[in-house]
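Chain and residue survey
Listed below are the residues making up each chain.
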Amino acid sequence: MGTPNSGTILLVEDNSDEVELMKVALEKAEIANPLQVVNDGQEALDYLKGEKRFVDRASFPLPCLIFLDLKLPRVSGQTVLTWLKSHPKLKVIPVIVLTSSKEPTDVTRVYELGANSFLTKPPRLAEFVEMVKTTATYWISGNRTLPM
Amino acid sequence: MRLRTHLTLLVLVSAAPLALFAGFLVRRDLEAEEDTRRTGTRDTVRALTLAIDRELRTSFSVLETLAAAPALAEGNLRKVHELCATAVLGRKGVWIILFDSNGQQILNSSKPFGSRLPNPIRDTKPPGTDPRYPSLRVGGPELIQRVLATGKPIVSDLFVALDSGEPKIGVAIPVLRSGGVTNVLEMSVEPDTLLQIFRDQDVPATWTASISDERGMILARSVDPQATLGKPVSADLAAQIARAPEGEGLGRTWEGVRVFRTFRRCRVAPWTVAVGVSTELADSRERRALFLLGGGAVLSLALGLAAAWFIGRRISASISQLSRSADAMATGQGAGPELTGVKELLELRRALIAAGERKHAHDQLRDENVDLDRRVRERTAELERTIKELEAFSYSVSHDLRAPLRSMEGFTSILLDQYAPLLDERGRNYLGRVSGAADQMSTLIDRLLDLAQVNRRAVSSQKVDLSAVAQEIAASLGNQAPSRPVTWDIAPGLVATGDPALLRTALENLLDNAWKFTAKHPRGRIEFGATMKDGTRVFFVRDDGAGFDMAHADKLFSPFERLHTKDEFPGTGVGLATIRRIIERHGGRIWAEGSVERGATFFFTLG
């Protein structure tokens, strides 16, 4: 593993239960990086562009890792992914796409859009903790945070 | 070319050789007739000359008999006159004259004895003296002079008699006494008597028979004898006679009629008999025949052409009607009225109608097939749409159901993990029940999705080693509870053809069931094998577990039907339904046998 990284993790998730479970999982996985949460695709875009309530980069720094749910209100996860991966600077931010079921999403299409990982959330908390620990540790330690 | 043109050509082609052949026949017939006519005229001419010769010889004989009469030698002239009159008795226009050596008539049988009589030598006159007969001499001096000079019998030319003033011919012989000619006996014959010869020989009325003397003057003629008597024969006949004693050829009669003529000279007298047959008559016959033939040909041709036109029009109309019928049938209308008298066309019409009906039936069938095809496609598309919608629905449901389950499971496990000390035993028990219920619901959702997937996915066809798959599943189950005393009896080398994933799911469910239902027995035995039944290989999974009542066997394979409570044996009630769908999608069949507490056997075939 590379050097520890204290970059912000951005979670794009509309379900508050899932947000809470992600917090527990990160805690149990002993990942101490600060977590920012937005509840839909439009907020995700605003955050990444530094617009509206996310103008202050000090409070809302660019993330070093994004957990992205595909099923989102207003603007979909695919749209966010497409915008991000076509951005000249932001496209290097690793994106882990999460789905909560065996929904037959076109995995190939998601990877083509630029997702770095595509994961199905396991039903049991213990397994979920294990998965978050493995992927987050890999992507955070292996990547540098973008300069502000 | 139109049909009518063809028929017209046919008529022309048929008629032409017929007309030629008929023409040939007529021509030949006419030629044969011409031959017959020539032969006929030749024979007639010959018969006429012979008859004339015979007549003249008879005359000579009569005269010779008289010359030898003793009365003449005795100079008994009265007696001689009597004899002469007797010799020509009953013969009209014939009389006998006795001349002396000076040419003086001594007696004349046509006149009373002792009449004053002329002397032709002395009284002769040049031709043209008698206005009725300008070409004839009046009196016949040459006859007497020649007989006196030559002492031989002679037949004269035509001349006008001095005694009667009418034309006559004379047959004269000398009367010889002691080496010299003392007298001449002459038989005078009026030319009219020669006409009797024509009648005797049956000369046809349409022929022109004539007798002419050495000078070419007409003695007798079968046609218009009075007008032509003593007239010269036609110039061309005179020329022909001058060239040869007999012959034939074309010429013109005295009246100017064109004739085919045959002539012959008599032997006794220097006379010529000629018979002419009008070529116009023959020509007119030929013309009439040709006219009849031509008219007939034209008439039959016209009839043929009319028939061709009429029949052609009729056939054309029939064919047109048939064409219209065919067109009408093509557009689905009837064949139309029957309009033809031609048998073949009627047959064709019947065939067309039959074909039309067949085509109509065929079209209808095809339309129905097309319609059926379209309906099947529509239904299929509808079904596919429905299935897609159902899939979308079930995934949406599964996603939406799974999310709260994750929350329930996640938070109960956090409570049990981190807040357990704050709860009493009962509280922890309740949390455990929540967790278990969530777990079971999660499994149920997964199984339902499996069942849906069995229905949805395409079944591949590969070799699958069922024995090996069963071994793997058995090992996996054994690992879950290593302490359970279960004996596995898996027949080796059972290879089947089918979808590897689906067959694995089926075996998993079957062996899982067997594993589950043997759990309450102290010892368990699970068997996987195959047997032959009616030539088909039947696989089976047998256990000696809880079994079931055969009375409920029909419920086994329906989804959500369970024969045991969840507390007795956990389960979703979907597993056997899934197995049945998998087997059925492989074209196989599944059934079960069992009894309570004596185990169960599941049999299945694959295609």
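Look up: the structure comes first, before these words.
Right, let's walk through the structure included here. Quantities reported herein were computed from a predicted structural model and do not represent experimental measurements. (Residues numbered from 1 in each chain as written. Chains lettered and ligands numbered in written order. Predicted model: local features only at pLDDT ≥ 70, side-chain atom pairs only at ≥ 80, totals over all residues. Heavy atoms only, no water.)

Let's talk about the overall build of chain B
Within chain B, the regular secondary structure consists of 14 helices and 18 strands. Evaluated residue by residue, chain B yields a buried proportion of 40% over its 607 residues. For chain B, long-range pairs separated by at least 24 residues make up 59% of all intrachain contacts whose partners lie at least 6 apart in sequence. (Helix = DSSP H or I, 4+ residues; strand = E, 2+ residues; numbered from the N terminus. Buried < 20%, exposed > 50% of the residue type's maximum accessible area, 1.4 Å probe, protein only. Contact = heavy atoms within 4.5 Å.)

Here's the deal with the overall build of chain A
Tallying secondary structure elements over chain A gives five helices and five strands in all. Expressed as a percentage of the 148 residues in chain A, the buried residues total 51%. Considering only residue pairs separated by 6 or more positions, chain A has 66% of its internal contacts joining residues 24 or more positions apart. Counting every atom, chain A has about 7,200 Å² of accessible surface; 53% of that belongs to carbon and sulfur. (Areas by Shrake-Rupley, 256 points an atom, 1.4 Å probe, with all protein chains shown as cover.)

Details of the interface of chain B and chain A
If you look at the interface, chain B gives 17 residues, while chain A gives 19 residues. Note on chain B versus chain A: buried area summed over both sides is about 1,700 Å², and carbon and sulfur give 51% of it. Viewed at the interface, chain A and chain B are joined by three salt bridges. Its salt-bridge partner being B:Asp439, residue A:Arg124 comes within 2.7 Å of it at the nearest N-O pair. For the interface between chain B and chain A, the tally reads six residue pairs in polar contact (both at pLDDT 80 or more). The greatest single-element share of the side of chain B that touches chain A, amounting to 14 residues, is contributed by helix α10 (residues 343-418) of chain B. Grouping the amino acids of the side of chain B that touches chain A by side-chain chemistry returns four nonpolar, six polar and seven charged. (Buried area = accessible area lost by both parts, 1.4 Å probe. Salt bridge = Lys/Arg side-chain N within 4 Å of Asp/Glu carboxyl O. Polar contact = N/O pair within 3.5 Å; in protein donor to acceptor, adjacent residues only side chain to side chain. Nonpolar A, V, L, I, M, F, W, Y, C, P; charged D, E, K, R; others polar.)

A look at the sheet that holds strand β18 (residues 599-604) of chain B
All names here are of chain B. Taken in spatial order, the five strands make up an open sheet running β13-β15-β16-β18-β17, and their pairing is mixed. Edge positions in the sheet fall to β13 (486-490) and β17 (590-595), since each has one partner strand and no second. Sheet twist, expressed as the average angle between the axes of neighbouring strands with direction ignored, equals 20 degrees. Helix α12 (residues 466-480) rests against β13, β15 (524-533) and β16 (536-543) of the sheet, and its axis sits at about 170 degrees to β13. (Pairing = 2+ DSSP bridges. Axes fitted to C-alpha atoms, helices over the stretch in contact; angles between N-to-C directions.)

Considerations on the packing of aromatic side chains
Residue and element names in this part refer to chain A. Counting across every chain of the model gives ten aromatic pairs over all chains. Taken together, a centroid distance of 5.9 Å and an interplanar angle of 75 degrees make the contact between Tyr47 and Phe60 edge-to-face. Separated by 13 residues along the polypeptide, Tyr47 in helix α2 (residues 41-49) and Phe60 in the loop between α2 and β3 (65-69) bring together distant segments of the chain. By the burial criterion, Tyr47 is buried, and Phe60 matches it. (Phe/Tyr/Trp six-rings, centres within 6.5 Å; stacked < 30°, edge-to-face > 60°.)

A few points about the nonpolar core
Residue and element names in this part refer to chain B. Core analysis: the biggest nonpolar cluster contains 50 residues, and Ile96, Leu185, Met187, Ile211 and Trp271 have the highest contact counts within it. Dropping the residues within four chain positions of it, Leu185 is found in contact with Leu63, Leu66, Ala67, Cys84, Ile96, Ile97, Leu98, Val171, Ala172, Ile173 and Val175. Residues Val464, Ala496, Leu502 and Leu510 belong to the second largest nonpolar core, which totals 38 residues. (Core = buried A, V, L, I, M, F, W, Y, C linked by side-chain atoms within 4.5 Å.)

Focus: the pairing of strand β10 (residues 258-265) of chain B
Residue and element names in this part refer to chain B. Taking burial as the measure, the eight residues of β10 include six buried ones, the bulk of the element. One ladder, built from seven bridges, connects strand β9 (residues 246-252) with β10; its direction is antiparallel. Residue pairing in the sheet places Gly249 in a bridge with Arg261 of β10. What sits between β9 and β10 in their antiparallel hairpin is a turn of five residues, with Gly256 showing a positive phi close to 95 degrees. What sits between β10 and strand β11 (residues 272-278) in their antiparallel hairpin is a turn of six residues.

Remarks on the packing of α12(B) against helix α13 (residues 500-517) of chain B
Residues and elements named next belong to chain B. At a closest axis distance of 10 Å, the pairing of α12 and α13 adopts a crossing angle of 45 degrees. Classed by the angle they form, the pair α12 and α13 counts as oblique. Crossing hand, α12 versus α13: right-handed. Contacts between α12 and α13 involve Leu466, Val469, Ala470, Glu472, Ile473, Leu477 and Gly478 from the first element and Leu503, Arg504, Leu507, Glu508, Leu511, Asp512 and Trp515 from the second. Of the residues in the contact of α12 with α13, the class split is nine nonpolar, one polar and four charged. (Parallel < 35°, antiparallel > 145°, perpendicular 65-115°, else oblique. Left-handed = near helix turned anticlockwise from the far one by under 90°.)

Focus: unusual backbone geometry
A positive phi angle, near 50 degrees, is found at A:Lys52, a position not held by glycine. The topology assignment puts A:Lys52 in the loop between α2 and β3. Positive phi, normally seen in glycine, also occurs at B:Asp224, with a value near 50 degrees.

Examining helix α14 (residues 575-585) of chain B
Owing to its 3.6 residues per turn, the α-helix brings residues three or four apart onto one side. All names here are of chain B. Among the residues making up α14, those that are buried are Gly575, Leu576, Ala577, Thr578, Ile579, Ile582 and Ile583. Buried positions along α14 lie against α11 (425-456), α13, β17 and β18. Positive backbone phi, at 75 degrees, marks Gly587, one or two positions downstream of α14.

Some points on the pairing of strand β5 (residues 167-177) of chain B
All names here are of chain B. Burial analysis of β5 places nine of its eleven residues in the buried class, which makes it a mostly covered element. By the bridge criterion, two bridges tie strand β3 (residues 154-155) to β5 in an arrangement that is antiparallel. Paired with Ile154 across the strands is Ala172, a residue of β5. Sheet analysis places strand β4 (residues 159-160) next to β5, joined by two bridges and oriented antiparallel. The residue bridging Val160 from the neighbouring strand is Pro167, located in β5. In textbook terms, the turn of a hairpin is the stretch between consecutive antiparallel strands, and for β4 and β5 this stretch comprises six residues, one of which, Gly165, has a positive phi near 75 degrees. Strand direction decides the pairing type here: β5 and strand β6 (residues 180-189), joined by nine bridges, are antiparallel. Among the inter-strand pairings, Ile173 is bridged to a residue of β6, identified as Leu185.

Quick notes on helix α5 (residues 141-150) of chain B
Residue and element names in this part refer to chain B. Among the residues making up α5, those that are buried are Pro141, Leu143, Ile144 and Val147. Packing partners of the buried residues in α5 comprise β1 (94-100), α4 (120-123), β3, β5 and β6. Gly151, located one to two residues past α5, shows a positive phi value of around 70 degrees.

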